[in-house]
Amino acid sequence: MAGEGREPPVVVYPWLDGARRVTIHGESVGRAYSLRDVLEFLHLAGLEENGVRLDDPELVEWRGGGPADWPEDQV
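If you're wondering where the values come from, they're calculated on a predicted model, not measured in any experiment.

A. Highlighting unusual backbone geometry. The backbone of D17 shows a phi angle near 55 degrees, a positive value even though the residue is not glycine. Assignment of secondary structure puts D17 in the loop between β1 (10-16) and β2 (19-24). With phi around 50 degrees, H25 is a residue other than glycine that occupies positive phi space. The topology assignment puts H25 in the loop between β2 and β3 (27-32). Of the residues examined, H25 reaches a relative accessible area of 60% and is grouped as exposed.

See the structure below:
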C-alpha cells in the first residue's frame with residue numbers, strides 16, 4: 001500500500017477526448033471510458049476486483065474527479 005510520500009499504485013488521470021488514462025505501478029495500462037474499464041484494468045493486473053475499493057486513496061488516486069466523475073454518456 002502507499003506509504004508516506006508515495007503515489008498509490010493506481011492513478012486515474014483527467015479526461016482526454018472522453019477517456020481517462022490509467023496507470024498501475026507507473027505503467028500506462030490504457031484509457032478508461034467508464035468505471036468498468038478501470039475495474040478491467042485492475043483485474044488484468046492481478047488486483048482482486050471483489051476486494052477493491054475504488055474510493056480507497058491508498059489504492060487509487062483520482063486526478064481531475066473521482067470514481068463517479070465520467071461523461072454522462074459513458075457511465
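This is not the end of the story, as more comes after the structure.
B. Structural detail: the environment of A19. The topology assignment puts A19 in strand β2. We classify A19 as buried; its relative accessible area is 1%. When the C-alpha positions of A19 and R31 are compared, they lie 5.7 Å apart, and in sequence the two are twelve residues distant.

C. Looking closely at the pairing of β1. For β1 and β2, the ladder comprises five bridges, and the chain directions are antiparallel. Its bridge partner being in β2, L16 is matched across the sheet by A19. Where β1 hands over to β2, the hairpin turn is made up of two residues, of which D17 adopts a positive phi near 55 degrees. Inspection of the sheet shows β1 paired to strand β4 (residues 60-62) by three bridges, in the parallel sense.

D. How the structure looks around the environment of V12. Structurally, the position occupied by V12 is in strand β1. Between the C-alpha atoms of V12 and S28, which are 16 residues apart in sequence, the distance is 10.0 Å. With residues near it in sequence (within four places) discarded, V12 still touches R20, R21, V22, V38, V60, E61, W62 and R63.

Criteria and cut-off values
Numbering of residues starts from 1 in every chain and runs along the sequence as written. Side-chain atom pairs in this predicted model are given and counted only at pLDDT of 80 or more, local residue features only at pLDDT of at least 70, and totals for whole chains, interfaces and linings cover all residues. Side-chain figures throughout are based on the complete set of non-hydrogen atoms in the structure, without hydrogens or water. The numbering of helices and of strands both runs from the N terminus, where a helix is a DSSP run of H or I of at least 4 residues and a strand a run of E of at least 2. Think of it in three bands: with a 1.4 Å probe and only protein chains considered, a residue is buried below 20% of the maximum accessible area for its type, exposed above 50%, and partly exposed in between. For two strands to pair, DSSP has to find at least two bridges joining them. Only heavy atoms enter the contact rule, under which two residues are in contact if any of them lie within 4.5 Å.

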